[in-house]
Amino acid sequence: MSLLASTSHTTATAEPVYQSGFAYFRWLHDLLPAPFFHTQAFLAFFALVLLVYWSIPRRFAMTRIWVLVVASFHFYAAWSYELAFLVTGTTFADYLFGRMMGSSDRPRFRKLILYTSVGMNLGILCYFKYRGFFLNELFDGMVKLGMEPGYEKLNPLAIFIPFGISFYTFEAISYAVDVYKRKIQPEKSLPRFLLFILFFPHLVAGPIVRAGDFLTQTRRPKRWNWVRVQVGVQLFLVGAFKKMAIADRMAMFCDPVFKDPEAYNSVAVWFAVLAYAIRIYCDFSGYSDMAVGAAHLLGYKLINNFNMPYLATNVSDFWRRWHISLSSWLRDYVFIPLGGSRGSRWLNYRNLLITMTVGGLWHGAAWGYLLWGFAHGAMLVGHKQFKDFCDDRPRLTAFLETALGTGLRIFFTFLCVSLCWVMFQPELSKAFAIFEKLFHIQRGLKLDMNNRSLWYTVIFLFACQWLVRSGLWAKIYPRLPAPVLGVGYAICLCTALVLAPDNGTTFIYFQF
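Criteria and thresholds
- Residues numbered from 1 in each chain as written.
- Predicted model: local features only at pLDDT ≥ 70, side-chain atom pairs only at ≥ 80, totals over all residues.
- Heavy atoms only, no water.
- Phe/Tyr/Trp six-rings, centres within 6.5 Å; stacked < 30°, edge-to-face > 60°.
- Helix = DSSP H or I, 4+ residues; strand = E, 2+ residues; numbered from the N terminus.
- Buried < 20%, exposed > 50% of the residue type's maximum accessible area, 1.4 Å probe, protein only.
- Lys NZ or Arg CZ within 6 Å of the ring centre and 35° of its normal.
- Core = buried A, V, L, I, M, F, W, Y, C linked by side-chain atoms within 4.5 Å.
- 1 Å grid on protein atoms, 1.4 Å probe; cavity = no way out; pocket = protein on both sides within 12 Å on 5 of 7 lines; lining within 4 Å.
- Points joined across faces, edges and corners; volume = space filled by probe spheres on them.
- Nonpolar A, V, L, I, M, F, W, Y, C, P; charged D, E, K, R; others polar.
- Axes fitted to C-alpha atoms, helices over the stretch in contact; angles between N-to-C directions.
- Parallel < 35°, antiparallel > 145°, perpendicular 65-115°, else oblique.
- Left-handed = near helix turned anticlockwise from the far one by under 90°.
- Contact = heavy atoms within 4.5 Å.
- Patch = residues over 30% accessible without salt bridge, like charges linked within 9 Å, V, L, I, M, F, W, Y side chains within 5 Å.
- Areas by Shrake-Rupley, 256 points an atom, 1.4 Å probe, with all protein chains shown as cover.
- Salt bridge = Lys/Arg side-chain N within 4 Å of Asp/Glu carboxyl O.
- Expected span 1.5 Å × (residues − 1).
- Bend = angle between axes of the 7 residues up to and from the residue.

**Q** Even after reading the chapter, I still don't get the packing of aromatic side chains, so can you show me in this structure?
**A** Geometrically, a pair of aromatic rings is defined through the distance of the ring centres and the angle of the planes. Scanning the model with the defined rule gives 50 aromatic pairs in all. On the numbers, 6.0 Å between centres and 80 degrees between planes, the contact of Trp270 with Phe439 is edge-to-face. Of this pair, Trp270 sits in helix H12 (residues 266–297) while Phe439 sits in helix H19 (residues 428–439), and the two are 169 residues apart along the sequence. Residue classification places Trp270 among the partly exposed positions, given a relative accessible area of 33%. Geometrically, the ring pair formed by Trp421 and Phe424 is edge-to-face, given 5.1 Å between the ring centres and 80 degrees between the ring planes. Just above the ring of Phe109 sits the side chain of Arg106; from NZ or CZ to the centre is 4.8 Å. The ring of Tyr127 carries Arg131 above its face, with NZ or CZ at 4.7 Å from the centroid.

**Q** It is not clear to me how unusual backbone geometry should be interpreted in this structure. Could you clarify?
**A** The general pattern is negative phi for most residues beyond glycine and trans for most peptide bonds. One non-glycine residue with positive phi stands out, namely Arg182, at about 60 degrees. By the element assignment, Arg182 lies in the loop between helix H7 (165–180) and helix H8 (190–198). Overall, the relative accessible area of 45% leaves Arg182 in the partly exposed class. Positive phi, close to 50 degrees, is recorded for Met308, a residue that is not glycine. On the secondary structure map, Met308 appears in the loop between H12 and helix H13 (315–321).

**Q** Which parts of the structure should I look at to understand the nonpolar core?
**A** Soluble, globular proteins show a tendency: their nonpolar side chains are buried together. Tyr76, Leu298, Tyr300, Tyr310 and Trp421 are the most contacted members of the largest nonpolar core, which totals 147 residues. Among the elements that make up this core, the one with the highest residue count is H12 (21 residues).

**Q** Just checking my understanding: could you explain the layout of surface pockets for this structure?
**A** Rolling a probe over the atoms, with the probe sized like a water molecule, indicates the empty space that remains. Its boundaries defined by the atoms lining it, the largest pocket holds a volume of some 1,400 Å³. Every element with two or more residues in the lining of the largest pocket is listed here: helix H11 (226–259), H12, helix H20 (451–469), helix H21 (472–476) and helix H22 (482–499). Looking at the lining of the largest pocket, its residues break down into 25 nonpolar, ten polar and three charged. Estimated volume of the second largest pocket: approximately 1,100 Å³. Within the residue set of the lining of the second largest pocket, elements represented by two or more residues are H13, helix H14 (324–338), helix H15 (345–363), helix H16 (367–391), helix H17 (394–400) and helix H18 (403–421). Counting residues per element, the lining of the second largest pocket draws most heavily on H16, which supplies nine residues. Each residue belonging to the lining of the second largest pocket can be placed in one class, and the counts come to 16 nonpolar, eleven polar and seven charged.

**Q** Which parts of the structure should I look at to understand the packing of H11 against H20?
**A** Packed helices, taken two at a time, are described by the angle between their axes plus the distance between the axes. Following both chains from N to C, one finds H11 and H20 inclined at 140 degrees, their axes separated by 11 Å at the closest point. On the basis of the axis angle, H11 is oblique to H20. Crossing handedness for the pair H11 and H20: left-handed. Contacts between H11 and H20 involve Phe241, Ile246, Met250 and Phe253 on the former and, on the latter, Asn451, Ser453, Leu454, Thr457 and Phe460. Per-class residue counts for the contact of H11 with H20 are six nonpolar, three polar and no charged.

**Q** Please explain a nonpolar patch on the surface as it appears in this structure.
**A** On the surface, Trp466, Val468, Leu472, Trp473 and Ile476 cluster together into a nonpolar patch covering about 450 Å² of accessible area. Secondary structure elements with two or more residues in the nonpolar patch: H20 and H21. Take Leu472: it is sitting in helix H21. For Leu472, a relative accessible area of 34% gives the class partly exposed.

**Q** Before we go on, may I ask you to explain the pattern of salt bridges in this structure?
**A** As a working rule, side chains carrying opposite charge can pair if their charged atoms are close by. A full pass over the atoms with the stated rule returns twelve salt bridges. The closest approach of N and O atoms between Asp332 and Arg210, which form a salt bridge, is 3.0 Å. Here Arg210 lies in the loop between helix H9 (200–203) and helix H10 (211–218) and Asp332 lies in helix H14, a separation of 122 residues in the sequence. Owing to a relative accessible area of 22%, Asp332 belongs among the partly exposed residues under this scheme. Put simply, Asp255 and Arg279 hold a salt bridge, and the shortest N to O gap is 2.7 Å. One end of the pair, Asp255, is in helix H11; the other, Arg279, is in helix H12, and 24 residues separate them in sequence. By sharing partners, the salt bridges in this structure join Arg210, Arg331 and Asp332 into a single network.

**Q** It is not clear to me how H14 should be interpreted in this structure. Could you clarify?
**A** The periodicity of an α-helix, 3.6 residues per turn, causes residues three or four places apart in sequence to face the same way. The first and last C-alpha atoms of H14 sit 20 Å apart over 15 residues, in line with the 21 Å expected at 1.5 Å per residue. Within H14, the axis deviates most sharply at Arg331, by approximately 35 degrees. Turning to H14, its buried residues number three or more, namely Ile324, Ser325, Leu326, Ser327, Ser328, Trp329, Leu330, Tyr333, Val334 and Phe335. Taken together, the buried residues of H14 touch H7, H13 and H15. Positive phi shows up at Gly339, right after H14, with a value of about 130 degrees.

**Q** Would you mind going over the environment of Gly364 with me for this structure?
**A** Structurally, the position occupied by Gly364 is in the loop between H15 and H16. Here Gly364 falls in the buried class, since its relative accessible area comes to 4%. For the pair formed by Gly364 and Phe133, sequence separation is 231 residues and the distance between their alpha carbons is 9.2 Å. The residues contacting Gly364, other than those within four sequence positions of it, are Lys129, Tyr130 and Tyr369.

This is the structure:
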């Protein structure tokens, strides 16, 4: 049970080895071996941070900020102190770049500083995340041409990638762009800017925060508020339930099949695809809920990153509900600068395809991620074409707005999104093997798990989302007595502890 056990979790990101370096960081690594929210080590760490943070008088606001900065640095340094220093160093450089842009009125100089800041952040991102991909592609190309590469091909799963590097890179880039465009003023306080990037609830897996939203909060006085504490604890418990009781159990259905799809029959593969769709949602939204909840307990508000995405009626609606901080970032810093919806229809389609392909590349340096992003771009283009087709056919539009039509749209959108998740992995050959099993009935092994538990989970998840979307939960929740709510969340925690597998898995998005 994850909350009662040590961090014996599998991860797709290579684990740093603490055989050398400072004894202090080796000791820190033993105390907090990985930045996972659903472990004893993190709960003890977070309880200590809360105790120190709220024991400081409100008039010492800067001291509180320094406490969070130091805690955030240690949170990351417990996993890798070298990378903690790297992130801190680049954050300090971005702070200086922002001050330089803010103090100059010379357009060329400001643009040069912007390019330097963006180039530095993208260069570090590319070095850690994409060098293996390009080296392997170069290796294959040279071999095909009969040339000797001079180095061995790298294993994509063994390449060392810092946790959350894509998240804080995008945050730094958005800050530099916003300062350059004078949408925000450059931050003059170094500790506040350090907290903006290093704030540990969102450091390793988002949500992606905007400087204009977060830096403003650092200046507001923080007062202990029991209502906010209640909201934070509830969100944290809901996130833990999603991760431990649903996502980790769904991993038991899909991981064996995705690891060796050729060994299983077509029915098992379809079940695995369904389980993976549920898993990735509950895994990432569970982390986001815990991150938002932990931030609330510290007096900060992060963006809600999910809004019942599997009840989306089309793929455009899906991206307004899924990973909202990323989709809005791609819209503001990629799609709109490319031209957005301005210009001809074909330019709009081009911009959608480029934006979503960049989104796929952001997730990982592999052809699977690129195809996943391109597929979503193609679906967005297809949705726009279908929308134009329906505009000239009022009867079809009226049918699609009925309960049956809405249900069919939700089902079709969920099916398309779930099939796209098959490509959401570094090994594209396995994705092709899964697609072959899906659409060409073949024999093989059955799932070891009882399929009824999978269907119960699917029904429970969609029922909860429908309860919220229909507005019934908003009417019921305020009328529930406090003891009933307390018992409900206690049951939520106990259920998570009981249903969680003995060996949990890391959060999927930690590798991004």
